[in-house]
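# Descriptive structure summary
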Amino acid sequence: MNNPLYDTMFAPYAGKDTPFLQLPEGGVITHAEFVNRAAQLAHALERYGVNTGDRVAVQVEKCPDMLALYAACAQLGAIFLPLNTAYKAAELAYFVGDSGAALLVGDPARADELDAVAKASGAAFATLDAAGGTLSDSADNQSQTFETVKRSEDDLAAFLYTSGTTGRSKGAMLSQKNLISNAATLKKLWQFTRDDVLLHALPIFHTHGLFVATNVMLMAGGSMVFMPKLDIDQMIEWMPRATAMMGVPTFYTRLLDDVRFDHSLTVNMRLFISGSAPLLADTHVAFEERTGHRILERYGMTETNMNTSNPYEGERRAGTVGLPLPDVALRVADGDGTELARGETGVVEVRGPNVFQGYWNMPEKTKEELREDGFFITGDLGVQDEEGYVTIVGRGKDLIISGGYNIYPKELELVLDAQVGVLESAVIGIPHDDLGEVPLAVLVPEAGVQIDLEAVKAAVNEALARFKQPREYRVLDGLPRNTMGKVQKVALREEFGT
Ligand code: MCA
Ligand code: AMP
């Protein structure tokens, strides 16, 4: 194959008039139209100076052209670097600078501030949204064919940034093979075919919506109801015409909260998949009672795509994330990587064709998390039963998962600690009915100083995306610490976590 990613995911659809994206606001984009558009965008990328191997940073609202840009990057051999649309300019500046992106593609409504971000890193800047933009204009005049650039399966296809416990985001480098192998495995396991219609309401800047959902559907040749975001009215309207849905647990709790959502809506559906955050066993049970469907829960990470899944045929066990995927080796290990006996709790480690190539420009970090024998240390605490089912029981890493988005307390604490009058801070996750968890910030004032909370909130709002911002603040005289001086977040969770 000349370019394995393009040749498996996109090339097979040239000239095929089958529906690929069904747009709830009206219209259908066929597979052929999609690959033609990708070719036009590949030409446009070249016009903006993008070469094979360059990073293309993309902060664009969910729309067909945003997805076609992923295909265009594959065809050109550029590295697709999608970014959360909620990120502020300060956050973006880091990603663009760190990755050395050749081009930043951003929202026309924020053109001025994003252009400045791009300029500061020496990147070119183009705009794109559902209505158009400079990249779209440039693509419109281009040929609908583009000579696919030769690549190998070991070449990089995407960077996804994932935060770390140090507060600094790391660019996870994913090769073509990482993406292709996982999509092929999941397609087969979950039995996706060209007859499937997937309800797609996830964002496409993360693994879940982009690689798990889209790559699997591309490989299967099916179609997607391509919703701009989760909208329960739209979901309910389209469900009778769909066969499958993928979502984070909040999707399921919101559906269950709606009295219109009942068994009759789901008779055409064959599969509901959940992941990115723990699905409560209660939600699993309530969903089955309401619809007769057992949600299939799976587990993965940005660095690895998917690692485990409950079976398609066979027992889907509530509260577990199922069995290791056929091509993934999984061990529950002690701190040294020695496998523990079944039933014992330890750190989950995984190895397989899905495991990433390392963190961009961070060889030390890569070494800390990728063992020499190829196992990646996930930082999740798990236990495996005699039959191999894995349960995630906690996290060794300090991480809050809110509505499927990861929030690293350290990143917030660094911002909070820098505020006037704040001596130190600690951020913990507290339970939230809708989002699972949300952050709460505990602030300790400098001696004799009264913290101006409104000023702190304003500074946080300037620095960090809304979804990361603490939902609540508490001011304490001091933080609980152990004898080693380490902050006892467990004690804070006990005090504030209910
Ligand atoms: C939106 N807001 C949030 C979140 N989403 N706050 C905390 N956590 C969130 N997840 C805030 C906004 O900033 C805004 O705040 C207000 O809520 C309303 O925003 P809106 O966009 O209308 O929210 P929504 O449509 O209700 O979105 C909630 C959502 C969405 C549907 C749960 O966040 C979502 O689609 N999450 C999926 C994330 C995902 O794809 N994760 C996969 C990562 P304000 O009103 O103050 O301005 S990949 C992964 O984890 C691994 C690899 C895996 O295994 O899949
Ligand atoms: P990310 O950094 O966005 O790739 O998030 C990956 C993390 O999400 C994992 O390390 C887990 O902590 C968590 N995660 C993903 N799927 C599940 C799941 N089904 N159950 C529990 N945690 C999950």
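The paragraphs below set out a description of the structure included in this document. Predicted, not measured: the structure shown is a model, and the values here were computed from it.

### Examining the sheet that holds strand E16 (residues 329–333)
Pairing within the open sheet is antiparallel, and its four strands lie in the order E16-E17-E18-E19. A strand with exactly one partner marks an edge of an open sheet, and here the two such strands are E16 and strand E19 (390–395). Adjacent strand axes in the sheet meet at a mean angle of 45°, parallel and antiparallel pairs treated alike. As judged from the four bridges shared by strand E17 (residues 346–351) and strand E18 (residues 376–384), these two strands associate in the antiparallel manner. Looking at the pairing, Glu349 lines up with Ile377 of E18.

### What to know about the environment of Asn141
Tracing the backbone through its elements, the reader meets Asn141 in the loop between helix H6 (134–140) and strand E7 (156–162). For the pair Asn141 and Ala44, spaced 97 residues apart in the sequence, the C-alpha separation amounts to 9.0 Å.

### Thoughts on the packing of helix H2 (residues 31–47) against helix H3 (residues 64–76)
Between H2 and H3, whose axes approach to 7 Å, the crossing angle comes to 70°. Judged on the interaxial angle alone, H3 and H2 are roughly perpendicular. Considering how the two elements wind past one another, H2 and H3 form a crossing that is right-handed. Together, Phe34, Arg37, Ala38, Ala39, Leu41, Ala42, Leu45 and Glu46 of H2 and Pro64, Asp65, Leu67, Ala68, Leu69, Ala71, Ala72, Cys73, Gln75 and Leu76 of H3 make up the contact between the two elements. Residues of the contact of H2 with H3, tallied by class, amount to 14 nonpolar, one polar and three charged.

### Here we look at the site of ligand 2
Around ligand 2 lies a shell of 16 residues, among which Arg298, Thr302, Asp380, Lys397 and Asn406 are the nearest. Contact between ligand 2 and Lys397: an oxygen atom at 2.7 Å from a side-chain N or O atom of the residue. In this structure, an oxygen atom belonging to ligand 2 sits 2.6 Å away from a side-chain N or O atom of Asn406. Contact with the protein chains hides 92% of the accessible area of ligand 2, taken as 500 Å² for the molecule alone. It is strand E13 (residues 296–301) that provides the largest number of residues to the shell around ligand 2, a total of five residues. Looking at the shell around ligand 2 residue by residue, the class counts come to six nonpolar, five polar and five charged.

### Structural notes on the pairing of strand E12 (residues 271–274)
Going residue by residue along E12, you find Leu271 and Ile273 tucked away on one face and Phe272 and Ser274 tucked away on the opposite face as well. The pairing of E12 with E13 spans two bridges and is classified as parallel. The residue of E13 that forms the bridge with Ile273 is Leu296.

Procedures and definitions
Residues numbered from 1 in each chain as written. Chains lettered and ligands numbered in written order. Predicted model: local features only at pLDDT ≥ 70, side-chain atom pairs only at ≥ 80, totals over all residues. Heavy atoms only, no water. Pairing = 2+ DSSP bridges. Helix = DSSP H or I, 4+ residues; strand = E, 2+ residues; numbered from the N terminus. Axes fitted to C-alpha atoms, helices over the stretch in contact; angles between N-to-C directions. Parallel < 35°, antiparallel > 145°, perpendicular 65-115°, else oblique. Left-handed = near helix turned anticlockwise from the far one by under 90°. Contact = heavy atoms within 4.5 Å. Nonpolar A, V, L, I, M, F, W, Y, C, P; charged D, E, K, R; others polar. Near = heavy atom within 4 Å. Polar contact = N/O pair within 3.5 Å; in protein donor to acceptor, adjacent residues only side chain to side chain. Areas by Shrake-Rupley, 256 points an atom, 1.4 Å probe, with all protein chains shown as cover. Buried < 20%, exposed > 50% of the residue type's maximum accessible area, 1.4 Å probe, protein only.

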